[in-house]
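# Fold and contact review
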Amino acid sequence: MAIRRVRLTFEGEQITDPVIYQLGKDFEIITNIRRAEVHAHVGWVILELDGAEAEIDMALAWAAGKGVRVDPLSGDVIEG
Amino acid sequence: MAYASALHCRECGNEYPIAPIHVCEWCFGPLEITYDYDAIGDAISREKIKDGPLTMWRYADLLPVDGENAVDIGTGMTPLLKADNLGRELGIDNLWIKNDAVNPTYSFKDRVVSIAVTKALEFGFDTLACASTGNLAGAVAAHGAKANMRTLVFIPSDLERGKVIGAAIYGPIVIAVDGNYDDVNRLCSELADANQGWAFVNINMRPYYSEGSKTLGYEVVEQLGWKAPDHAVVPIASGSLFTKIWKGMNEFAKLGLIDDVRTKMHGAQADGCSPVAQAFADEQLHVKPVVPNTIAKSLAIGNPADAYYTLKIAQEAEGSTVGSTPDPEIVEGIQMLAQTEGIFTETAGGVVISNLKKLAEAGRFQKGESVVAFITGNGLKTVEAVQHLANPVNIKATVSSFEESVDVEEAVGSKSTSS
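Residues numbered from 1 in each chain as written. Chains lettered and ligands numbered in written order. Predicted model: local features only at pLDDT ≥ 70, side-chain atom pairs only at ≥ 80, totals over all residues. Heavy atoms only, no water.

Residues and elements named next belong to chain B. A sheet is described by the order of its strands in space; here 3 strands give the open sequence β2-β1-β3, paired in antiparallel fashion. The outermost strands of the open sheet, each flanked by one partner alone, are β2 (15-16) and β3 (31-35). Relative to β2, strand β1 (residues 4-9) runs antiparallel, the two sharing 2 bridges. Residue His 8 lies in a different strand from β2, and its bridge partner there is Glu 15. (Pairing = 2+ DSSP bridges. Helix = DSSP H or I, 4+ residues; strand = E, 2+ residues; numbered from the N terminus.)

Structure below.
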């Protein structure tokens, strides 16, 4: 089992999609929202995911496939 | 002695003891240093700073480390040059260039890394790490060598050879990771979580690391005769540099070393990676992440960690802006700075100069106002961006061939006309 912290960013119509509900329903993971903000044009949520590594990977790949941007909590750590 | 008393969350305010951590366990917000400003106020003075070393460590009282044990390779106190030639070209009568490209590894990253490595040793780490596409890799490798630490530098496997050598020469373990930017980013983030025994300079050391950028603000104020500039033009990647220059100048004001800061902060991005400029134009405080596509690779951060704090400053400091320019103008900016002031900057500097030009054309600078453009890296790091500009006249090794091929008078005439 593993815990992973990620930041999901939603744009446009994705804002109204119940992505986090589906993450918890369709995958064997527990989702825990720790901080979030939603505006008309963009929304983000910082999420803690608890589950098997492979299941978390699949869940995040599914979210990314829907067009949700998935970043590590630390953001972009590669610097110029 | 260090006057850093704790860490606090920038979002919820929760406090933590000084430790190698970077996010709040409660809300996952970023952590920042808490200083004892009363004690600093008692200890610091203009005279004490002037008597300090001719490096960034003259400001040790305002840094979160013990300056006595600084890992220092001679970083800081870089020249602030009056740029009259460029100023004439752009119609700015009081223009200054802060040339941070002359740091030991040729970029401002030496400032942040010097702090991170000093703090890493204080914490007892023996392993240093970073993920980089250029400047940071060189700075970490050099400081790791000086500190005699095991050093790991993660790079994308398609990184240009010159940049790989710029880090490898200092003897770190260089790991070239296959995959796109996001793959490398994710791997490094996971490795940082899994290897708590490493000082990952911009992850678990980030609260300390980022404070190094404040010294750019301190230096400019001191070099201008203890006065904050009227305008600062600063490149934006993560946004940390922008926020810390602002913080540094305001700390000086808070401590009574200078009058209140009225600087108009101007953030500079490339069109091909301009999430902060776009949010500023839309009057938003949150960015829409982008996939970078620009020659300014040292600024190519599509989802900048400090965008929110950058935008807050830009919106609250009256007259501030965040803008962007296209790649061809970035190249023109590099060329313009080199040909007017004799300073060869990398693409990030081209972003600054092209945005400076745009601001001047928009009439943002009033007569007599001091304008400081921050040049943060050396042009030899990104020669590929300007290599098409080098077109030597090929001649045979004879005087006649020279005379037939080169009209020196015409060349001199054209230079006189353009300058």
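A few words now on the sheet that holds strand β5 (residues 95-99) of chain B. Residue and element names in this part refer to chain B. Strand order in the open sheet made by the 6 strands is β4-β5-β13-β10-β11-β12, with mixed pairing throughout. Each having just a single partner strand, β4 (80-82) and β12 (321-325) make up the two edges of the open sheet. Across the sheet, the axes of successive neighbouring strands diverge by a mean angle of 25°, strand direction being ignored. Bridging between strand β11 (residues 264-270) and β12 involves 5 bridges; their strand directions are parallel. Each bridged residue has a counterpart across the sheet, and for Ala 270 the counterpart in β12 is Thr 325. Contacting β4, β5 and β13 (371-375), helix α9 (residues 214-223) crosses the sheet at an angle of about 135° to β5. Of the strands in this sheet, β5, β10 (231-235), β11, β12 and β13 touch helix α14 (residues 347-361), which is tilted by about 115° from β12. (Axes fitted to C-alpha atoms, helices over the stretch in contact; angles between N-to-C directions. Contact = heavy atoms within 4.5 Å.)

Residue and element names in this part refer to chain B. Two elements in contact, helix α13 (residues 327-341) and α14, have axes separated by 7 Å at closest approach and are oriented at 95°. Taken as axis vectors, α13 and α14 run roughly perpendicular relative to one another. On α14, the residues touching Glu 329, Ile 330, Gly 333, Ile 334, Met 336 and Leu 337 of α13 are Thr 347, Gly 350, Val 351, Ile 353, Ser 354 and Lys 357. (Parallel < 35°, antiparallel > 145°, perpendicular 65-115°, else oblique.)

Below, the discussion takes up the packing of helix α4 (residues 109-123) of chain B against helix α5 (residues 135-146) of chain B. All names here are of chain B. Contact pair α4 / α5: the axes reach a minimum separation of 9 Å and the direction vectors enclose 40°. Our classification of the angle between α4 and α5 gives oblique. The element α4 and its partner α5 pack so that their crossing is right-handed. Between α4 and α5, the residues in contact are Lys 109, Asp 110, Val 113, Ser 114 and Val 117 and Asn 135, Leu 136, Ala 139, Val 140 and His 143, respectively. By residue class, the composition of the contact of α4 with α5 is 5 nonpolar, 3 polar and 2 charged. (Left-handed = near helix turned anticlockwise from the far one by under 90°. Nonpolar A, V, L, I, M, F, W, Y, C, P; charged D, E, K, R; others polar.)

What follows concerns the environment of Ile 343 of chain B. Residue and element names in this part refer to chain B. Mapped onto the elements, Ile 343 comes out in the loop between α13 and α14. Taking the C-alpha atoms as reference points, Ile 343 and Ile 97, 246 residues apart in sequence, are found 9.4 Å from one another. Every residue in contact with Ile 343, bar those within four places of it in the chain, is listed here: Leu 81, Ile 97, Asn 99, Leu 337 and Ala 338.

The next point concerns the nonpolar core. All names here are of chain B. In terms of nonpolar packing, the biggest core is built from 84 residues, with Phe 252 and Met 265 touching the most fellow members. For this core, the element with the most residues is helix α10 (residues 240-254), which contributes 7 residues. For Phe 252, the contacting residues outside a window of four places in its chain are Ile 49, Tyr 59, Leu 62, Tyr 218, Val 221, Trp 226, Leu 257 and Ile 258. Leu 86, Ala 268, Leu 337 and Ile 343 belong to the second-largest nonpolar core, a separate cluster that totals 28 residues. (Core = buried A, V, L, I, M, F, W, Y, C linked by side-chain atoms within 4.5 Å. Buried < 20%, exposed > 50% of the residue type's maximum accessible area, 1.4 Å probe, protein only.)

Here we come to the interface of chain A and chain B. Taken together, the contacts link 25 residues of chain A with 37 residues of chain B. Carbon and sulfur atoms make up 51% of the surface buried where chain A meets chain B, a total of about 2,800 Å² over both sides. For the chain A face of the interface with chain B, the top three residues by lost area are Ile 78, Glu 79 and Gly 80 of chain A, together amounting to 28%. Seen at the junction of chain A and chain B, the total is 4 salt bridges. Among the salt bridges present, the one from Glu 11 of chain B reaches Arg 35 of chain A, with a minimum N-O distance of 3.7 Å. Summed over the shared surface of chain A and chain B, the result is 23 residue pairs in polar contact (both at pLDDT 80 or more). Elements that contribute at least two residues to the side of chain A that touches chain B include exactly β1 (2-11), β2 (29-38), β3 (42-51), β4 (69-72) and β5 (78-79) of chain A. (Buried area = accessible area lost by both parts, 1.4 Å probe. Salt bridge = Lys/Arg side-chain N within 4 Å of Asp/Glu carboxyl O. Polar contact = N/O pair within 3.5 Å; in protein donor to acceptor, adjacent residues only side chain to side chain.)

It is worth spelling out unusual backbone geometry at this point. Phi angles above zero are rare outside glycine, and Tyr 106 of chain B is one such case at about 70°. Along the chain, Tyr 106 of chain B falls in the loop between β5 and α4.

Function cannot be inferred from these measures alone, as they are strictly geometric.
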